[in-house]
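Summary of structural features
The primary structure of each chain is shown beneath.
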Amino acid sequence: MGSFKAQKMFILISTVMTWALIKPQNWEGSDIMPMEKKYRRRIPHPSFKPHNNLETLVLKLGDRKSKLRGFVVAAGLQYGKGENLFHYFFKESWLMHLPEIPIFGLGVNYIPTIHVCDLAGVIQNLIELKPKSKYILAVDDSKNTLEYFVKRISDVLGPGKIKKVPEQEAVTMNAFKPEELEYLSIDLRLDAFLIKDSFNLRWVSEAGMVENMEKIVKEYSDTRQLLPVRICLVGPPAVGKTTVAEKLCAHYGLHYIAVKEVINEKITQLREIMNRTNPENDSEEEVEVVRKQLENMNKSMEMNAGQLDDHQVADILQKKLSSKPCMNQGFVLDGFPETYEQAKMIFSDEDNERQDSPSKVPAYHKMTPEHIFALDASDEFLTKRVQGLPEGVAKEKHYTQDKFLHRLARYRQLSDLQETLLEYFSEIEILPGYIEVNTDDPEYLEVLNMITEMVGTPKNYGFSPKQQEEKDRRQEERRKQRLAAEMAEKNTTLAKMAAQYEEWQKNLWEVKRQEEEQLEARAFPLRNYLMKYVMPSLTEAMLECSKIKPEDPVDFLAEHLLRHSQHD
């Protein structure tokens, strides 16, 4: 210790869990709180005794003559910049997979907290100021229970509801590890007097997480890159908008929005409210509002051949696009709006437009699509595609000849107007992407590749374990199918080659047979001639030669045959 030439500091970042079992005062009736000066009275949680021992050791570092001083910072549970212990509640709220966000246990315990940036500010001030006190409590001003934390997270980011479940289910659900639950079970209300009185902190979240929840949610989304992807697909009927939209939703984890489905969902929801036998949660005023909504919608559909007017559709769609799931993850809007005016009703801010503003550009909303893709194809291509559909599919999609040609003509007519849908988005500086569909690919791989290249990578948590398992299963099935197809093609090729080789061998044998027959046929007259005219003379000559036994048998035979040939 004495070897240091300059003053040194040793700062231990500890935790308020070393105070966990301190005897609480009457919290409801007293303002007396455990403070830094009472740190010797702290009693740690059993699992945090090593932390407490280490704190004691650091506090004993150095004396008046020593160049080394030790400080302990007992930090509250940290939040901010992506979250740590509270991440589960943020994630489940953002995903909206659960109708109610679970609280494990009763949730009535008070949790001391501090923003990670404020904790960094405490350490910076400690280094600069070198206070006399060696023990510093680093907590914000909040005095909130676990239940209130979770409720606020659910309100701002999630479904707005919470549900208390047994604490042991946290481990069963893989929500928390046992050691993490120990942190969340702390029940303390602490005041940090030193950092308020002596430190010059530029607080990020002095009032705590609950009071600054909107800001904390934005930090959480930005840090983890959980950014909504908003896409709108437009194009003529039968160009493939719905198929492409569904595949984009699966790839990016987005919500599929078809205006017809949204309207049906809204009508069903309103009718369910009206038909409730015990509307405990609905006031008479709310029920009356719902009744008038249904009445107006029914009147509109009676006057418009079963269709709602554009203002009602815009109102329903606005509510859907501004819902938590769509705001969190994003959406793919399929084939609607169709006109400039419809887009203006849905996405522009009428209040801003009423002001004396020189700008004619509609106001940009958070629910406005950030990517617009116009799919297109020739009328001939679309007509052939529709004609190739089974009759039942064509009726279901309203692609019968008369309806399809009418819809196609209407789309072309809207595209030729002076103010078109695509011009609306161009005016608010969202430039459409034009994609030509000219191949009858049922998977739309080329179109999807072009869109995903322009949109970028998914900006969410990706697939859940079950979704990833299902995705892997499908990929494995496709791989096996591809291998089976390749093997079948290879076997077919080999079978064809074997058949061709067998046929070639058969043909070769036949050729040889025919050649032999031809040779034999050609040799038959010559054989007869030799047997009749040559062989008798030759036999006689050879017999004569064997009797005389000349010195040169060959010469003898030649002369003998020559003489007989002249005689004949």
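From a predicted model like this one, the values you see are computed outputs, not experimental measurements. Counting restarts for each chain: residues are numbered from 1 in the order of the written sequence. Per-residue local features are limited, in this predicted model, to residues with pLDDT of at least 70; the limit for side-chain atom pairs, both in listing and counting, is 80 or more; totals at the level of whole chains, interfaces and linings are taken over all residues. Neither water nor hydrogens contribute to the side-chain values; these are computed over all heavy atoms in the structure.

**A few points about the packing of helix α4 (residues 146-157) against helix α8 (residues 213-223)**
Let me state the cut-off plainly: Axis definition: a line fitted to C-alpha atoms, over the contacting stretch in the case of helices. Angles run 0 to 180 degrees between N-to-C directions. Numbered from the N terminus, helices here are DSSP runs of H or I no shorter than four residues, and strands are runs of E no shorter than two. If an angle is under 35 degrees, it is roughly parallel; if it is over 145, roughly antiparallel; if it lies from 65 to 115, roughly perpendicular; otherwise it is oblique. It only takes one pair of heavy atoms within 4.5 Å for two residues to be counted as in contact. Any residue outside Ala, Val, Leu, Ile, Met, Phe, Trp, Tyr, Cys, Pro, Asp, Glu, Lys and Arg is labelled polar, Gly included; the first ten of those are nonpolar and the last four are charged.
Taken N-terminus to C-terminus, the directions of α4 and α8 make an angle of 70°; their axes are 10 Å apart at the nearest point. As the angle between them shows, α4 and α8 are arranged roughly perpendicular. Along the contact surface, α4 presents Phe-149, Arg-152, Ile-153, Val-156 and Leu-157, while α8 presents Met-213, Glu-214, Val-217 and Tyr-220. Tallied by class, residues from the contact of α4 with α8 come to seven nonpolar, no polar and two charged.

**Quick look at the environment of Asn-507**
Residue position: Asn-507 is located in helix α21 (residues 465-548). Measuring from C-alpha to C-alpha, the distance between Asn-507 and Lys-344 comes to 78 Å, with 163 residues separating the pair along the chain.

**Comments concerning the pattern of salt bridges**
For the record, the criterion: For this analysis, a salt bridge means a side-chain nitrogen from Lys or Arg found within 4 Å of a carboxyl oxygen belonging to Asp or Glu. For each residue, the accessible area found with a 1.4 Å probe, counting protein chains only, is set against the maximum for its type, and the residue is called buried under 20%, exposed over 50%, and partly exposed in between.
Within this structure, the stated rule accounts for 21 salt bridges. The shortest N-O distance in the salt bridge between Glu-55 and Arg-42 comes to 2.8 Å. One end of the pair, Glu-55, is in helix α1 (residues 49-59); the other, Arg-42, is in the loop between β1 (8-15) and α1, with 13 residues separating them in the sequence. Like Glu-55, the residue Arg-42 is buried in the burial classification. Of the charged contacts, one joins Lys-196 and Asp-141 as a salt bridge, the two residues approaching to 2.0 Å between their closest N and O atoms. With Lys-196 in helix α7 (residues 193-197) and Asp-141 in the loop between β6 (135-138) and α4, this pair connects stretches of sequence that are 55 residues apart. Of the residues examined, Asp-141 reaches a relative accessible area of 30% and is grouped as partly exposed. Residues participating in the shared-partner salt-bridge network are Glu-288, Arg-291, Glu-295 and Lys-299.

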